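# Overview (structure and organization)
Here is what each chain is made of, one letter per residue.
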Protein chains: 2
Amino acid sequence: MFDEKDHSRMQAALEEASLAFHRDEVPIGAVLVDTKTGEIVARASNRTIEQSDPTAHAEILLIREMCQRLGVQRIPDYDIYVTIEPCPMCAAALSFARIQRVIFGASDPKSGGITSPVALYQKPQLHHKPKILSGLMMEECREIMKRFFAEKRGFVKEAREEG
Amino acid sequence: MFDEKDHSRMQAALEEASLAFHRDEVPIGAVLVDTKTGEIVARASNRTIEQSDPTAHAEILLIREMCQRLGVQRIPDYDIYVTIEPCPMCAAALSFARIQRVIFGASDPKSGGITSPVALYQKPQLHHKPKILSGLMMEECREIMKRFFAEKRGFVKEAREEG
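Computed from a predicted structure; not experimentally measured.

## Observations regarding the interface of chain A and chain B
On the chain B side, the residues contacting the 36 residues of chain A number 36 residues. Both sides of the chain A and chain B interface together cover about 2,600 Å² of buried area, and 66% of this is carbon and sulfur. A per-residue breakdown of the area chain A buries against chain B is headed by Pro54(A), Gln73(A) and Gln125(A), which together make up 25% of the total. Taken together, chain A and chain B are joined by two salt bridges. Where Arg64(B) meets Asp53(A), a salt bridge forms, and the shortest distance between an N and an O atom there is 3.6 Å. Looking at the side of chain A that touches chain B, the elements that each hand over two or more residues are α2 (58–70) and α3 (88–96) of chain A. Here the residues of the side of chain A that touches chain B are counted per class, giving 19 nonpolar, 13 polar and four charged.

If you want it as structure tokens, here you go:
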């Protein structure tokens with residue numbers, strides 16, 4: 001289902017996730033791809049802490065960046081590659097932006113907006129439904145999240161033991 | 001259910017909606033209220049065209065503004081008054097921001113994220129569920145939307161007849 005190009009794009013998204021990890025932000029990364037040229041045109045990862053903005057998820061940052069660059073509200077000629085299934089906020093925003101395809105690595109049953117029972121793209125309230133592909137480099141995408149939250153729990157445990 | 005203060009806050013949200021109408025943006029307005037003082041601390045309306053940002057809904061603009069002002073990601077001591085039921089993107093963002101109460105004027109069965117079958121606040125994927133109150137100045141909130149879309153359709157019809 002996925003070719004070499006898909007892998008290199010998700011690899012770029014994973015590198016963004018890794019940058020977020022080192023900024024102590026939830027390690028989700030994403031890249032935007034121009035469907036006409038196949039090129040990656042923008043990269044982002046979560047910056048909710050840095051920007052004091054609970055909406056500063058990787059997907060939202062990419063939508064804002066590209067729409068502002070082009071002076072438009074809709075970017076139908078772009079695909080997004082994102083390490084983890086978008087949350088309901090991002091799933092809705094990707095629909096508003098008319099993103100062509102959403103390719104994600106690992107699903108997120110606890111907080112996802114697409115495959116979880118939220119199933120936003122199966123509801124008539126969102127008029128545009130991006131095409132969805134999933135499972136690309138799933139293990140790597142999931143692994144960095146697991147490691148992040150395991151460390152967080154470790155810190156909490158250590159702090160409790162010290163306190 | 002609603003008192004004089006509620007009405008004056010929704011009136012302020014309606015004034016914001018009216019400003020959006022005159023900027024040719026979808027006329028939805030909102031205000032943020034400090035639950036400790038009862039004061040309106042921020043006002044906004046849709047600016048998706050002006051900002052080339054499909055996420056620039058009134059609710060998102062208010063969350064960003066207040067979170068950045070306070071240097072936080074969560075604003076649990078604030079209520080939002082918004083003229084129309086929030087869309088799925090905004091409903092999720094209001095949950096992430098830990099908004100205390102969402103008071104809206106008119107429901108939006110076609111695009112809403114709360115009372116429509118999307119029903120985001122009934123799903124476990126969103127951990128914080130703001131308290132919801134609705135129907136405050138419903139007619140006025142709905143009226144300005146109707147007028148806006150009737151004018152849009154009028155322009156289209158005129159253009160077709162002229163063309």
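We are not done yet, so read on.
## Things to note about the sheet that holds strand β3 (residues 78–84) of chain A
All names here are of chain A. Read from one edge to the other, the open sheet built from five strands follows the order β2-β1-β3-β4-β5, with strand pairing classed as mixed. Edge positions in the sheet fall to β2 (40–45) and β5 (131–134), since each of these pairs with one other strand and no more. Each strand of the sheet is rotated relative to its neighbour by a mean of 15°, with strand direction disregarded. The pairing of β3 with strand β4 (residues 101–106) spans five bridges and is parallel. Across the sheet, the residue bridging to Ile84 is Ala106, located in β4. Packed onto the sheet, α2 meets β1 (29–34), β2 and β3 and runs at close to 140° relative to β2.

## Observations concerning the packing of aromatic side chains
All names here are of chain A. For the structure shown, the criterion picks out four aromatic pairs over all chains. Relative to Phe148, the ring of Phe21 lies with its centre 5.5 Å away and its plane at 70°, an arrangement referred to as edge-to-face. One end of the pair, Phe21, is in helix α1 (residues 4–22); the other, Phe148, is in helix α4 (residues 138–162), and 127 residues separate them in sequence. On the basis of relative accessibility, which here comes to 11%, the residue Phe21 falls in the buried class. A residue is classified by how much of its surface remains accessible, and Phe148, at 4% relative accessible area, is buried.

Conventions used here
- Residues numbered from 1 in each chain as written.
- Chains lettered and ligands numbered in written order.
- Predicted model: local features only at pLDDT ≥ 70, side-chain atom pairs only at ≥ 80, totals over all residues.
- Heavy atoms only, no water.
- Contact = heavy atoms within 4.5 Å.
- Buried area = accessible area lost by both parts, 1.4 Å probe.
- Salt bridge = Lys/Arg side-chain N within 4 Å of Asp/Glu carboxyl O.
- Helix = DSSP H or I, 4+ residues; strand = E, 2+ residues; numbered from the N terminus.
- Nonpolar A, V, L, I, M, F, W, Y, C, P; charged D, E, K, R; others polar.
- Pairing = 2+ DSSP bridges.
- Axes fitted to C-alpha atoms, helices over the stretch in contact; angles between N-to-C directions.
- Phe/Tyr/Trp six-rings, centres within 6.5 Å; stacked < 30°, edge-to-face > 60°.
- Buried < 20%, exposed > 50% of the residue type's maximum accessible area, 1.4 Å probe, protein only.

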